[in-house]
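Topology and contacts: notes
So you can see what is in the structure, the chains are spelled out below.
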Amino acid sequence: MSHPSAAVPDSLAARIAGLSADEDKIRLGGGPAAIERQHTKGRLTARERLARLVDPGAPLVELGLWAAHDMYADWGGAPAAGVVTAVGTIQGRRHMLVANDATVKAGAFFPMTAKKVLRAQRIAFTNRLPLVYLVDSAGIFLPLQEDTFPDEDDFGRIFRNNAVLSAAGVPQYAAIMGNCVAGGGYLPVLCDKLLMTEGSGLYLAGPALVKSAIGQEVSHEDLGGAAMHASISGTIDYHEQDDPSCLARLRRLIELARPDDAHPAPPFTRKASADPARPASDLYDLVDPDPRSTYEVRDVLACLVDAGSFDEYKAEFGQTLVCGTARLGGFPIGIVANQRHRVRSARGEFQFASVLYVDSADKAARFVMNCNQDWLPLLFLQDVNGFMVGRDSERSGIIKAGAKLVSAVSNSRVPKITLITGGSYGAGNYALCGKAFDPRFIYAWPTARCAVMGPAQATGTLLDVMVASLKKQGRDPDAAELDQLREQVAADYERQTDVRYAAARLWVDAILDPHQTRDILIESLAIATRHAADEPYRLGVYQV
């Protein structure tokens, strides 16, 4: 898929339509021919397996669909990083689902594959979601092994997490439904229950490697087939004939598991849901893809929260941030949202849209602390250009105010969910719970843009750096070359701020259609309130 040019699409709806078409292609994995090869082996695809495993009609929240998008072009690409991760309901209970897609390079692990599985495990651990792994993988993609193998966020961390999840009492089920080779064999064996289908293989080294290493000739079945592991090694718990019987057994085993505790878990609560005051369709008119456009964020909130439930906090103070409590699908929450139009403070000065000032940062820090005191999950709506700069702002203590907000968010014990609706620039990304600050889920609209600074400022800065470098090399670019460099820098930066670029690197969990946002947020709150942190809310050294 080509990246967008500097031209702005006609409408938000048009941008969504384009993204939806690309998502349909991603869901095909390795494509029709690869799907047919999987079927020829008598096996279902990853998505077909998940469709049979989950309860009919239950919501399925897929995470990381765009992972590895436009990456690994030299190796033919890796749609969705070759693995499907989602939260789905099995026998009435939510589970984290991880299914290798064997139509993509035989399900091999690219660097982003490992990071995507690690993200799924982290969400499962934090929210105490049982995990189901549908294993069909050739192991590490060897040409990129140095970026996949040894680090703390690489392949081996998955197995460490298997052990930690088990020790924490989080149930894990694994079904080997194809290849499971080399170090990848530890994942299913570290799970609580292990199923394996006929024709699958589980071994540390395949027949060819065994012959090369020790000169022993052995068949696939004798080395690591389901019959051998069921009757001789005793490694697997259940020997299944095919995919349908394996998935049916999984559902039966899960049905026997201890039922969930009360949901939401105390001290979280939920009342009856109420429709929002405005229909979701209004969002398409309220929010324009043009980053120069303005809107009233309270109108956006009216499309998301239960009607009549929003109570604004310090409404007349720090107006570039809107803070308040509300109910969303019956869940009580706290909201921190950037205001997308210029405001006038009580002191009389105008403040720019989507910019964090001392007063707004102070307000948000105190509000976050209040929500922790009251056990209210936090929803951050990011459309932020960053913190205010300049002499007056520095003298007012903008860094100190920002540090207070960062500290309050960092130490928050209640679940945090982040939705990036527009810009997510610089320290504003940090202070309003970007990926580095442990949101339970982080989503983005097609209008989202994520970078250290806005495109205009970045283009000028990068161009200055490039020109200085050329001059050091004895070259003084003329006007035509400067224009060409400027266009190149602007195009590169535009590509890197595109929401798909962020989603490819798992900076966000999913790109949402605004129309679906309320439903996804409600489901996310239902997941996030399954477990309350044991630690009290506390802060370290705090700037005053």
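Heads up: the structure comes first, above all this text.
Residues numbered from 1 in each chain as written. Predicted model: local features only at pLDDT ≥ 70, side-chain atom pairs only at ≥ 80, totals over all residues. Heavy atoms only, no water.

1. Comments concerning the packing of helix α4 (residues 111–127) against helix α5 (residues 155–167)
In plain terms, the rule: Note on geometry: axes are C-alpha line fits, over the in-contact stretch for helices, and angles between N-to-C directions span 0 to 180 degrees. Strands here mean DSSP runs of E at least two residues long; helices mean DSSP runs of H or I at least four residues long; both are numbered from the N terminus. What sets the label is the angle itself: under 35 degrees gives roughly parallel, over 145 gives roughly antiparallel, 65 to 115 gives roughly perpendicular, and the rest give oblique. Each crossing gets its handedness from the near helix: less than a right angle anticlockwise from the far helix is left-handed, clockwise is right-handed. Between two residues, a contact is recorded if the distance between any of their heavy atoms is within 4.5 Å. Gly is put with the polar residues, along with every residue not named as nonpolar or charged; the nonpolar set is Ala, Val, Leu, Ile, Met, Phe, Trp, Tyr, Cys and Pro, and the charged set is Asp, Glu, Lys and Arg.
With their axes 9 Å apart at the nearest point, α4 and α5 run at an angle of 20° to one another. Classified by the angle between their axes, α4 and α5 sit roughly parallel to one another. In this structure, α4 meets α5 at a crossing whose hand is left-handed. Within the contact between the two elements, α4 uses A114, V117, L118, Q121 and F125 and α5 uses F155, R157, I158, N161, N162, V164 and L165. Residue composition of the contact of α4 with α5, grouped by class: eight nonpolar, three polar and one charged.

2. Notes on the packing of aromatic side chains
Note the cut-off: Between the rings of Phe, Tyr and Trp (Trp by its six-membered ring), a pair exists once the centres lie within 6.5 Å; its type follows the angle of the planes, with under 30 degrees stacked, over 60 edge-to-face, and the other angles tilted. The cut-offs for exposure are 20% and 50% of the maximum accessible area for each residue type, with area from a 1.4 Å probe on protein chains only; residues under the lower value are buried, those over the upper are exposed, and the others partly exposed. Charge-over-ring placement is defined geometrically: NZ (Lys) or CZ (Arg) within 6 Å of the ring centre, and within 35 degrees of the ring normal.
The tally for this structure, following the rule as stated, stands at eleven aromatic pairs. Ring centres of F109 and F155 lie 4.8 Å apart, and the angle between their planes is 65°; this geometry places the pair in the edge-to-face category. Taken together, the residues span a long stretch of sequence, with F109 in the loop between β3 (93–100) and α4 and F155 in helix α5 at a distance of 46 residues. With respect to burial, F109 and F155 carry one shared label: buried. Centre to centre, the rings of F441 and Y443 are 6.0 Å apart; their planes meet at 5°, and the pair counts as stacked. Each member of the pair F441 and Y443 is classed as buried. Members of the aromatic cluster, each reached through a chain of ring pairs, are Y72, W75, F110 and F141. In this arrangement the basic side chain of R342 is found over the ring face of F350, its NZ or CZ atom lying 4.0 Å from the centre. The ring centre of Y501 lies 3.5 Å from the NZ or CZ of R505, which sits over that ring.

3. Let's talk about the nonpolar core
Defined as follows: Residues grouped as a nonpolar core are buried Ala, Val, Leu, Ile, Met, Phe, Trp, Tyr and Cys residues, joined through side-chain atoms within 4.5 Å.
M96, Y133, V300 and Y443 are the most contacted members of the largest nonpolar core, which has 67 residues in total. Discounting chain neighbours no more than four positions away, the residues touching M96 are L63, A86, V87, A120, I123, A124, L129, P130, L131 and V132. Counting 30 residues, the second-largest nonpolar core is a separate cluster that includes A361, A364, L376 and V384.

4. Concerning empty space enclosed by the protein
If a probe the size of a water molecule is rolled over the atoms, the empty space left behind becomes visible. Heads up, the condition is: Site definitions follow a grid-based scheme: protein atoms alone, a 1 Å grid, a 1.4 Å probe that fits but cannot get out for cavities, and for pockets an open set with protein on both sides within 12 Å along at least five of seven lines, plus lining residues having an atom within 4 Å of a point. Grid points are joined across faces, edges and corners, and a volume is the space filled by probe spheres set on the points.
On inspection of all chains with the given rule, the structure shows four cavities of 30 Å³ or more. By volume, the largest cavity is sized at about 150 Å³. As for the largest cavity, its lining consists of 18 residues, of which N100, F109, V135, G184 and L187 are closest to the centre. Of all elements in the fold, only β3, β4 (131–137), α5, β5 (172–181) and α6 (186–189) reach the threshold of two or more residues within the lining of the largest cavity. Counting residues per element, the lining of the largest cavity draws most heavily on β4, at four residues. In this structure, the second largest cavity spans a volume of roughly 70 Å³. Surrounding the second largest cavity, 13 residues form its lining, D288, D290, D383, G422 and R449 being those nearest its centre. Of the residues in the lining of the second largest cavity, the class split is four nonpolar, four polar and five charged.

5. Brief notes about the packing of helix α3 (residues 46–53) against helix α10 (residues 243–256)
Closest axis-to-axis distance for the α3/α10 pair is 9 Å, and the angle between their directions is 40°. Judged by the inter-axis angle, α3 sits oblique to α10. Where α3 crosses over α10, the two elements pack in a sense that is right-handed. Only D243, P244, L247, L250 and R251 of α10 make contact with α3, whose side of the interface consists of R49, R52 and L53. Classifying every residue of the contact of α3 with α10 gives four nonpolar, no polar and four charged.

Any link to function would need more than the numbers given here.
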